[in-house]
Structures are given as structure tokens and as C-alpha cells.
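# A look at the structure
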Amino acid sequence: MNAGNVDSAAQLYAQAPLQSYAVEDASIGVRVFGQGPAVVLIHGYPVHGYTWRKLLPTLAQTFSCYVIDLPGLGDSDWSAQTDFSFEAQARRLGLLFTRLKLNDYAIVAHDTGATLARMVALEQPERMTKLAIINTEIPQHRPPWITFYQRCAKLPGSAWVFQTLLRSPAFLRSSMGLGQFYSDSALLREAENIRPYIEPLITSSKRIRGMLGYLMGIQWSVVDGLQSRHRDIQAEVLLLWGEDDKTFPVELAEAMRQQFSGGCALVRIKRASLLPHEEQPDDVLGQLMPFLLSAPQ
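Report follows, based on the coordinates. If you're wondering where the values come from, they're calculated on a predicted model, not measured in any experiment.

Our focus in this paragraph is the pattern of salt bridges. Per the counting criterion, the structure on display carries 15 salt bridges. Residues Arg92 and Asp25 are paired through a salt bridge, measuring 2.5 Å at the closest nitrogen-oxygen approach. Of the two residues, Arg92 is situated in helix 3 (residues 86–99) and Asp25 in the loop between strand 1 (19–23) and strand 2 (26–33); the sequence distance between them amounts to 67 residues. Asp25 gets classed as partly exposed once you look at its relative accessible area, which sits at 25%. Across the pair Glu254 and Arg257 runs a salt bridge, and its minimum N-O distance is 3.7 Å. With Glu254 and Arg257 both in helix 11 (residues 250–257) and three residues apart, the pair spans about one turn of that helix. By relative accessible area, which is 26% here, Glu254 ends up partly exposed. Three or more residues joined by partner-sharing salt bridges are found here, namely Glu243, Glu254, Arg257, Arg268 and Lys270.

Here's what the structure looks like:
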């Protein structure tokens, strides 16, 4: 994807109107692109809907793309009473899809968003037809630093500490920060890749608290429980994996693939790490489009 296409993709995302849906104790931000069969795109942590910008120009030519901002991240809203647990986040998504009258829909989801998508697939088996999973949590695996940061987030003054760290280019480039985002570390120095995620967190006390609430809501018991529940997902599943990812190693993903029924495929995306849809969008689309367009098995 050349620079001009990257710029136009970012502009397409920025110009889309934001719709906000109050669901239980939070509000979920939704942007809609294109027309056609419904495809829901769910981001991971600590990013938001902007992460899908490079896929949207192609997907929107064929599909109605519902881009979600989960409570705690992006242009969502929340309060002191908001439950950020995986269970609550997945329940709110199911209620949102019902309100949007989505039937026979597909989901493309990344990281924590793909854990939530798996939970929704188990709760709405008659409505979700396809599930594309990109670099996500793996049962019995704990990614580096996340559990440590969960403990830190509970300490007094944690919001200030995290804001201070996120202002440091050295921290952002390190493995403790965003260093695992991309195989090509040069991408971390390009403002359009990082600023939309970091600037809201370092300039808004509420947004940094929302990010920490989302972080603390990650439930490893739920992730581990998927080991025995993957086989119950009725939607057709495709795993797309940046093969250089150290957060969720592809070898563990290969083992997880066996937990799904129905011949689930895993495709390695070369020269990509945690965010293959940002780093190698054309390769991801090359796998994603045939999967979404094929008749359900």
C-alpha cells in the first residue's frame, strides 16, 4: 500500500460519522462504511477502530463494515460504574448486534477483540456465519508484560505513571511498550501509525483511565476456558497470524487451531508481527476477501 493510498485510507476513516450506542453501563462507538452483507470489525488493546483503516477501502466496496470502538478505548464512553470485564464487554456486543439487527454477519477481530468475538460466537451461533481471527489470546499463554501491567494499574497514581511512560519515545519503541506492534521497527517512527492511539491517552485523564479499566478487565480464566469451548463455535473460522509476533507466537496459534472443529485454517502473514492488518494489509486482504465471499460451509 503506497503513501497516497495510506493517506486516503486514513482520511476515509476520519470522515466517517461516529454513532454512539448506549448499552447497559457504557456507550459503544460505531462507524459504518460501505453497503452489502454485514462485517463487524473489532479492535484489540490498546488500539481502536482506526486500526482497520487500511482494510476498509477494499472491504467497503462489497460489505457494510461496522467498525467498533470498545468501551475504554477510542471514541467510546464509560463511567465509574462500567464493568470492563471480558464477560461484560462480550455481552454488550451481543446486545449491540441485536439492536443493529445484524443477522448472518461476519466478524473480523484482532487481539482482545477476537477473544470477545469468540465469546459472542458462542452466544449467537445462529447469527454469526464467519469469524476471522487475527493474532489473539491463546489459552494457557500469558503475553509478556500484560499481567504485570494489570497489577500496576491497580496502584495509586497508575494513570499518571502510564501517561509518563507513553510520552517516552524510548519506552514506546521498547518491547515493554509498542515494540512488538510491527516487524519493521521503522513503522513506529511514522506518526500516522502511533499518534492516533497514544495522543488521546497522554492528553486526557479520562481516556487513560478508560485504557487502564479495559486492561484490568482482561480475564485470563475466560481465555483459558476457550480451550474446551473452541470446538463449540459454529461459525466458520479463519486464523490470520503475523508470523513474527512474540506476543502471541505463531507456534502456539498452530496448536490452538486444532481446538476448532470444521477444518479451521491458519495462514501465516510474512513480515508481520502483532498487527498484520496494518503492516501487510494487502496480504491480509488477499486471504480475508475470499474467506468472507465464500458460501458458508
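Counted under the stated rule, the structure contains eleven aromatic pairs. Here Tyr45 and Tyr214 contribute two aromatic rings whose centre-to-centre distance is 5.8 Å and whose plane-to-plane angle is 10°, an arrangement assigned as stacked. Of this pair, Tyr45 sits in the loop between strand 3 (38–42) and helix 2 (56–59) while Tyr214 sits in helix 9 (residues 205–216), and the two are 169 residues apart along the sequence. Tyr214 shares its class with Tyr45; the two are buried. Look at Phe148 and Tyr149: their rings are 5.7 Å apart centre to centre, the planes differ by 50°, and that puts the pair in the tilted class. An aromatic cluster of three or more residues is present, and its members are Tyr13, Phe33, Tyr50 and Tyr197.

Thresholds applied
Residues numbered from 1 in each chain as written. Predicted model: local features only at pLDDT ≥ 70, side-chain atom pairs only at ≥ 80, totals over all residues. Heavy atoms only, no water. Salt bridge = Lys/Arg side-chain N within 4 Å of Asp/Glu carboxyl O. Helix = DSSP H or I, 4+ residues; strand = E, 2+ residues; numbered from the N terminus. Buried < 20%, exposed > 50% of the residue type's maximum accessible area, 1.4 Å probe, protein only. Phe/Tyr/Trp six-rings, centres within 6.5 Å; stacked < 30°, edge-to-face > 60°.

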